[in-house]
Amino acid sequence: MNKKLSEHSLYKEVWSAQGIRVFMQYHVFCVWDFQSLAKKIQQICSPPEFPWMPHKSPELRRLINEVILEEETDTDPTTNSYCSHYELYLKAMEQCGADISLHNNYMLNLQKGENLFSLNEYLPGPLREFLDFSFELIFKGKDHELCAVFAKGRESLIPDMFSSLVSELDGECPDDWSLFHYYLQRHIEVDGGDHGPASEKLYKYFCDTPQKEMEAQVAVAKALQLRDKLWSYILKEITKKN
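Rules behind the numbers
- Residues numbered from 1 in each chain as written.
- Predicted model: local features only at pLDDT ≥ 70, side-chain atom pairs only at ≥ 80, totals over all residues.
- Heavy atoms only, no water.
- Disulfide = S-S within 2.5 Å.
- Buried < 20%, exposed > 50% of the residue type's maximum accessible area, 1.4 Å probe, protein only.
- Axes fitted to C-alpha atoms, helices over the stretch in contact; angles between N-to-C directions.
- Helix = DSSP H or I, 4+ residues; strand = E, 2+ residues; numbered from the N terminus.
- Parallel < 35°, antiparallel > 145°, perpendicular 65-115°, else oblique.
- Left-handed = near helix turned anticlockwise from the far one by under 90°.
- Contact = heavy atoms within 4.5 Å.
- Nonpolar A, V, L, I, M, F, W, Y, C, P; charged D, E, K, R; others polar.
- Lys, Arg positive; Asp, Glu negative; His and termini not counted.
- Salt bridge = Lys/Arg side-chain N within 4 Å of Asp/Glu carboxyl O.
- 1 Å grid on protein atoms, 1.4 Å probe; cavity = no way out; pocket = protein on both sides within 12 Å on 5 of 7 lines; lining within 4 Å.
- Points joined across faces, edges and corners; volume = space filled by probe spheres on them.

Attention now goes to the state of the cysteines. For the structure shown, the criterion picks out zero disulfides. Among the cysteines around cysteine 45, which has no disulfide bond, cysteine 147 carries the closest sulfur, lying 5.5 Å off. Take cysteine 45: its relative accessible area is 0%, and that puts it in the buried class.

Next up on the list: the packing of helix α8 (residues 125–140) against helix α12 (residues 210–241). Between α8 and α12, the shortest axis-to-axis distance is 8 Å and the interhelical angle comes to 155 degrees. The pairing of α8 with α12 is recorded here as roughly antiparallel in orientation. Classified by chirality, the crossing of α12 by α8 is left-handed. Across the interface between the two elements, Pro126, Leu127, Glu129, Phe130 and Phe133 from α8 touch Ala219, Lys222, Ala223, Leu226, Arg227, Lys229, Leu230 and Tyr233 from α12. Grouping the amino acids of the contact of α8 with α12 by side-chain chemistry returns nine nonpolar, no polar and four charged.

Mapping arginine 61 onto the fold places it in helix α4 (residues 58–73). Put simply, arginine 61 is tucked away with no salt bridge, and the nearest opposite charge, on glutamate 49, sits 11 Å away. When near neighbours in sequence (up to four residues on either side) are disregarded, arginine 61 contacts Cys45, Ser46, Trp52, Pro54, His55 and Lys56.

What follows deals with the environment of serine 84. Checked against the element boundaries, serine 84 lands in the loop between β2 (82–83) and α5 (85–96). According to the relative accessible area criterion, serine 84 is buried, its value standing at 8%. The sequence separation of serine 84 and glutamate 70 amounts to 14 residues, and the corresponding C-alpha distance is 7.4 Å. Setting aside anything within four residues of it in sequence, one finds serine 84 in contact with Gln35, Glu71, Glu72 and Thr73.

To continue, consider empty space enclosed by the protein. Inspection of every chain in the model, using the stated rule, returns two cavities of 30 Å³ or more. In this structure, the second largest cavity encloses a volume near 70 Å³. Taken together, the elements giving at least two residues each to the lining of the second largest cavity come down to α8, α9 (143–155) and α12. If one sorts the elements of the lining of the second largest cavity by residue count, α12 sits on top with four residues. Broken down by class, the residue content of the lining of the second largest cavity amounts to seven nonpolar, two polar and two charged.

Keep in mind that these numbers describe shape and distance, not what the molecule does.
Okay, structure coming up:
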């Protein structure tokens, strides 16, 4: 499934200005829910308890805290400060004129206290299923399932997946797409560099029995299936627009 996703037809069809904008309109939800997944892993490895107690191993705490440091407060190329990768993605959407209204309305209602799963019901089916799975896992999943999806369904997958996108922008990158190009390139760097190996160590630590390994593989397969389904939906939307 990893190979299928990295070679999905979406990457061949997305390359028009309108196609990328449509892609970003839905992909921003994946960027956002990844931040929640990463914070959940941090909570597992280093719970925010008072009084503080040293949970798990120091190496695991270090690994996830380094991931969070860059995911939440990476260098902002538009300022002399920092921003999360999610906030950078929003800036990239604004720069290229992608429709951000669906996501903004969703976040506004979420901030008002509306139930996340109720809000998901108003999203396109494949996007709703993707988010429902992610947050059901975050709220109720087992530690080894969460770490497996984090590693196998996100961090280790992203470099190959985004390489297919960034290669098209390397040749010609108009100003309108500079932040999107930077976002993609940055994720290839950090996920292919430190974050991918760190997530694999977390995976091996938590999937320490055959039973946990089996449950982890089931969760990863589901995550990849739903990502593929979402990609196919976005491809159809791009085809309609074009």
